[in-house]
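Summary of structural features
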Amino acid sequence: MKDRGLRTFVTVLAGLAVIYFGSVGRSPEEGRGISGGVVVLALLAALLVWHLTRPGDKTVK
């Protein structure tokens, strides 16, 4: 991806998706909110997306 804005948007979207799906599946007995593990997974997912969408150095001939 060459557009940094799109890369940032996809990265944030990946982190928010992990937080959303990590909090939706909780039962009412566990309480509301998100756990620290879900936050760590969201950060790892965002870093992975940021790494995977970095622009390549190879030029097409």
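Bear in mind the structure is a predicted one, so any value in this text is a computation, not a measurement.

Helix and strand content of the protein: two helices and zero strands. Every one of the 61 residues in the protein was classed for burial, and the buried ones make up 15%. Here the analysis covers contacts within the protein between residues at least 6 apart in sequence; of these, 58% occur between residues at least 24 apart. When the accessible area of the protein is evaluated, it comes to approximately 5,100 Å², of which 67% is carbon and sulfur surface.

As annotated by UniProt and renumbered to match this structure, "transmembrane region" (unreviewed entry) occupies residues 5-22 and 34-53. Within residues 34-53, the helical portion is 85% and the strand portion 0%, while the C-alpha atoms at the span's ends are 27 Å from each other.

Structurally, the position occupied by Val-40 is in helix α2 (residues 36-52). On the basis of relative accessible area, Val-40 is assigned to the partly exposed category, the value being 47%. Through-space distance from the C-alpha of Val-40 to that of Val-18 is 9.8 Å; in sequence the pair is 22 residues apart.

Mapping Arg-7 onto the fold places it in helix α1 (residues 4-24). By relative accessible area, which is 12% here, Arg-7 ends up buried. Side-chain polar atoms of Arg-7 contact the backbone oxygen of Trp-50, separated by 2.5 Å.

Basis of the calculations
- Residues numbered from 1 in each chain as written.
- Predicted model: local features only at pLDDT ≥ 70, side-chain atom pairs only at ≥ 80, totals over all residues.
- Heavy atoms only, no water.
- Helix = DSSP H or I, 4+ residues; strand = E, 2+ residues; numbered from the N terminus.
- Buried < 20%, exposed > 50% of the residue type's maximum accessible area, 1.4 Å probe, protein only.
- Contact = heavy atoms within 4.5 Å.
- Areas by Shrake-Rupley, 256 points an atom, 1.4 Å probe, with all protein chains shown as cover.
- UniProt positions renumbered as here; feature names shortened; annotations may be inferred.
- Polar contact = N/O pair within 3.5 Å; in protein donor to acceptor, adjacent residues only side chain to side chain.

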